[in-house]
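# Structural overview
Here is how the chains run, residue by residue.
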Amino acid sequence: MIEIKAPHSLSIEEIFTESKSSDDGISQEIADIRVQQFGPNILPSKPPTGVVAIFARQFLNPLIYILFSASILSLTLGDESDAIFIGLVLLINAIIGTIQESGAEKSAHALKQMSATICRVERDGEVMQLDSSYLVPGDLVLLESGNKVPADLRLIHSHGLEIDESLLTGESLAVHKLATESYDENTALGDRKNMAFSGSMVTRGRGRGIVTSTGLNTELGKIASSLSYSEDSKPPLVIRMERFTKNIAIFFVIITAFIALILLLKGEGWHEVLMLSVALAVSAIPEGLPVALTIALSIAGRRMAKRNVIVRKLPAVEALGSCSMVATDKTGTLTVNQMTIKKIAIPGNQEFLVPGSGLTPEGEIHREDQPAYSEELARLRPLLETGVLCNESKLIQKDGIWQGHGDAVDLSFLVLAYKGEVIPEDVLDRYKLICEIPFEPENQYSAAMHAEAGTHIISIKGAVEKLLPLCDEMLTLDGPKTINTHDINKQAEELASAGYRVLALANKTYETFLEDEACDLNFHLEKLTFLGLVAMIDPLRNDTVEAVKQCQSAGIELAMITGDHPKTAFAIASELGFASDIKEVITGPELKLKEAQHRTDIIAQAKVFARVEPAQKLEIVQSLIKNGQYVAVTGDGANDAPALKMANVGIAMGKSGTDVAKETADLIITDDHFASIVAGIEEGRIAYNNIRKVVYLLISTGMAEVVLFILSIIANIPMPLTAVQLLWLNLVTNGIQDVGLAFEPGEGDELSKPPRKPGERIFDRPMLERIILTAVVMGLISFFYFHYLVRTGMEINMARNLTLLLMVLFENIMIANCRSETKSAFSINPFNNKILLFGTIGAQLLHIGVLYTPGINKVLGVMPVSFADWLLLLGLAISILVVMEIYKLIRR
């Protein structure tokens, strides 16, 4: 087993020796052996709470304490049957709660495991993408801006590399890394500039490093316990519901205390009054509501995962349903991110067409009406070689299939080279890389310097407006000429208007260049030779058009934020139908020129933001929120992180997204499709609707029981239910049906309604109307039925038996009302939620079974009923369905 001590004190040559690695990385065979030796590259995480702990937690509730005390009191007074039943209710409630909560815990834990860190590793000289948990000491890892460092690395190459190590050192400023340096063994962690530490974030530049430590042996691993076992915070919605439940509990406790006082004044025994009051409070208070909400959110998270949306932060499930605007990237989200160069435009208004698509380099470059002459292809060679030299991607053929690693734009230039009879490998073998400027969004270009036989050549590609000011001549078919920026800009405008993404290429050759001269490439980016334009297309995804239509029907506005040319961006936006006038496009440079007080209004009017710098994206998001929008923002780069954090909902791209973006975001789209965002919005709305359904069920049924008792007191008749009957009613109905409602599928019209206001309360006027109406109807009918039975001389236990069955049936039938706030219950397929259907039927059968079970029926004070009585009670219970159908019809 290898052991690398103080890697920061070793030279690059020594680290290769100590790690038994090479410039091509280790072999897969060695990697497999080392995985067995060192174990997976993971940190310990907090496991889901154990079943025993969850079970014990069910008893940590003031209501449970009171109920338990009442059970002890009953036992003391010789009422063993009531005491035993209350104990059974507590036990069954705890079991049901344990099943619910453990399911929610497991769901939340499973969702956390779905977002793995992927890194680029070189093994056997081949670059591959790898789950970071499979890294081993000796692996050669490639870093670029936006990456999360997957293990402790000794850097062997760095270019402008800056890493945020605040997680370890507390230092907020990014550290500039120097791979060539070596340090004393006792050098402080923050001063080891030749190291990259696990968990830190690359903010700029590029680097390569040898893995020196993994898992618990990393610097992060040494403090893992303090990071991994911190308590998770509850979602804000659950916190609000806990507060709401507390307020409702106070309300019901006051009502119950009032009922108890009246009963005592009427001369009822204090023991009976106490038992009844506690049972009524337990039955009426929706103490299971926060757990039901957590389950609803977890279920929604699992459903989103099936639709390619991973939930990193549970509140985003509910928040996504409130979005009134989606500010989206273009490339890879609205489009497929498979760039294909279709045209080459060289100075002098000469255009060449490029056949084919994707990564397969088939077809030959030609003029519109004829093949390209050999001298014309020779003229294109500098442009083709520039695209190869200024490139960070690799295109290889494996088993007859072309595969690409790296940026889609860079890959398109490698494909273009093959089509122009230029072999990228041959070009790269001829030239030695001296230094480079990797592409960064704020620069909008990349550049590289290479040497060949004493000659140095600078290659650069990027946005037209960035490169033209750096050029003083252009290469035409007739040779070099003074640059004509007007004609070049006109060419670029025409290509962009046709929907192409346009990039410019330039180069510069030094016949003499001192090898020991400091290579500050920025210093040499002047007096370049303009080589031409390439027009590439990135087609829309097949499902994007329909997804945009769904957004519009859902009342969600769209905005595109891109670094592309304004006319290219507008062409895409108009094709999708959310921009119709070029005036709805504003560029980053134009935005800079506006006064601060006018920017907010300008941003509010724009639909497309083009040539936007990363820092401006944050300003745009801030302005949209200031204008009253509830904004979901997509992003993939490290520089998108501030905007993702500022947004109401931050959405990172799973395939193209950097680790920084993923760490910051609330949601991750695994397939980078815009349609998946729309699917997430739909699921978010379904989750919120299900939460409302659970609230409606629990509050309305609890209120109905209170109404029944208050009316009985006013009418001066015996209490309609005993304490144990109330507890049974709560157990056999709400304990089963509320969880079933959390599994409700969508009603199908979620994306045909406008987004709800973020501050909208669940307990709003429509909810209040429905609760009052159902509680009054159920309470009144139950009261009049019980009153009728008592006045006709029926024995009190039989009257209570029938009233209890009526209440169970009422709460069973109420499920049909809860399934939609607006739709008729008869229009919803009962089999699309089998958990709810069979749970409700099971609750009714369970109650009927108890009527015939010796011992239990005596404790509950219940007895068998005739089928005719059951049908009569079912008819009475159906009245609540009829009333709510009429109410829904009026509301519609």
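About the thresholds
Residues numbered from 1 in each chain as written. Predicted model: local features only at pLDDT ≥ 70, side-chain atom pairs only at ≥ 80, totals over all residues. Heavy atoms only, no water. Pairing = 2+ DSSP bridges. Helix = DSSP H or I, 4+ residues; strand = E, 2+ residues; numbered from the N terminus. Axes fitted to C-alpha atoms, helices over the stretch in contact; angles between N-to-C directions. Contact = heavy atoms within 4.5 Å. Salt bridge = Lys/Arg side-chain N within 4 Å of Asp/Glu carboxyl O. Buried < 20%, exposed > 50% of the residue type's maximum accessible area, 1.4 Å probe, protein only. pLDDT = per-residue confidence, 0-100. 1 Å grid on protein atoms, 1.4 Å probe; cavity = no way out; pocket = protein on both sides within 12 Å on 5 of 7 lines; lining within 4 Å. Points joined across faces, edges and corners; volume = space filled by probe spheres on them. Nonpolar A, V, L, I, M, F, W, Y, C, P; charged D, E, K, R; others polar. Expected span 1.5 Å × (residues − 1). Phe/Tyr/Trp six-rings, centres within 6.5 Å; stacked < 30°, edge-to-face > 60°. Lys NZ or Arg CZ within 6 Å of the ring centre and 35° of its normal.

Across the sheet, eight strands lie side by side as E8-E26-E25-E24-E9-E21-E23-E22; this open sheet has mixed pairing. The outermost strands of the open sheet, each flanked by one partner alone, are strand E8 (309-311) and strand E22 (585-587). Strand-to-strand twist in this sheet, taken as the mean axis angle between neighbours without regard to direction, amounts to 20°. Where E22 lies against strand E23 (residues 608-610), three bridges are found, and the strand directions are parallel. Counterpart to Ile586 in the pairing with E23 is Phe609. Sheet strands touched by helix H25 (residues 674-714): E8, strand E9 (325-328), strand E21 (557-561), strand E24 (631-635), strand E25 (649-653) and strand E26 (667-669). Its angle to E9, the strand with the most contacts, is close to 155°.

Time to look at the pattern of salt bridges. This model, assessed by the stated rule, comprises 33 salt bridges. With a shortest N-O distance of 3.0 Å, Glu683 and Arg307 are connected by a salt bridge. On the criterion of sequence distance, the pair formed by Glu683 in helix H25 and Arg307 in the loop between helix H11 (289-306) and E8 is long-range, its members being 376 residues apart. Since its relative accessible area comes to 7%, Glu683 is described here as buried. When its relative accessible area of 31% is taken as the criterion, Arg307 is described as partly exposed. Here Glu747 makes a salt bridge to Lys693, at a shortest N to O gap of 3.2 Å. With Glu747 in the loop between helix H27 (734-742) and helix H28 (765-791) and Lys693 in helix H25, the pair connects residues that are 54 residues apart, well separated along the chain. The burial state of Glu747 is the same as that of Lys693; both residues are buried.

Time to look at the confidence of the model for the protein. Summing up the model confidence of the protein, the mean pLDDT is 85 and the portion of residues at 70 or higher is 88%. By mean pLDDT, the top-scoring element of the protein is strand E6 (residues 195-196) (96), and the lowest-scoring one is helix H8 (residues 224-228) (48). In this model, residues 226-233 is a region of pLDDT below 50 whose contacts with residues beyond four sequence positions or in other chains number eleven contacts.

The next subject is empty space enclosed by the protein. This model, assessed by the stated rule, comprises two cavities of 30 Å³ or more. Roughly 40 Å³ of volume is contained in the largest cavity. Looking at the largest cavity, the residues that line it are Lys330, Met339, Gly499, Arg501, Met536, Ile537, Asp538, Thr568 and Ile572. Looking at the lining of the largest cavity, the elements that each hand over two or more residues are strand E20 (528-537) and helix H19 (566-576). Taken together, the residues that form the lining of the largest cavity break down as four nonpolar, two polar and three charged.

This part takes up helix H32 (residues 867-891). End to end, H32 covers 36 Å across 25 residues, agreeing with the expected 36 Å (1.5 Å per residue, within 8%). Buried within H32 are the following residues: Trp870, Leu873, Leu874, Ala877, Ser879, Ile880, Leu881, Met884, Glu885, Tyr887 and Lys888. At its buried positions, H32 is contacted by H25, H28, helix H29 (796-818) and helix H30 (834-851).

Our focus in this paragraph is the packing of aromatic side chains. One pass over the full model with this rule turns up three aromatic pairs. Plain terms: the ring middles of Phe867 and Trp870 are 6.0 Å apart, the flat faces sit at 15° to each other, and that makes the pair stacked. Pair noted here: Phe867 and Trp870 are both in helix H32, with a separation of three residues, about one helical turn. Residue classification places Phe867 among the exposed positions, given a relative accessible area of 58%. When the ring centre of Tyr688 is taken as origin, the NZ or CZ atom of Arg756, which lies over that ring, is 3.5 Å away. Lying over the aromatic face of Tyr696, Arg770 brings its terminal NZ or CZ to 3.8 Å of the ring centre.

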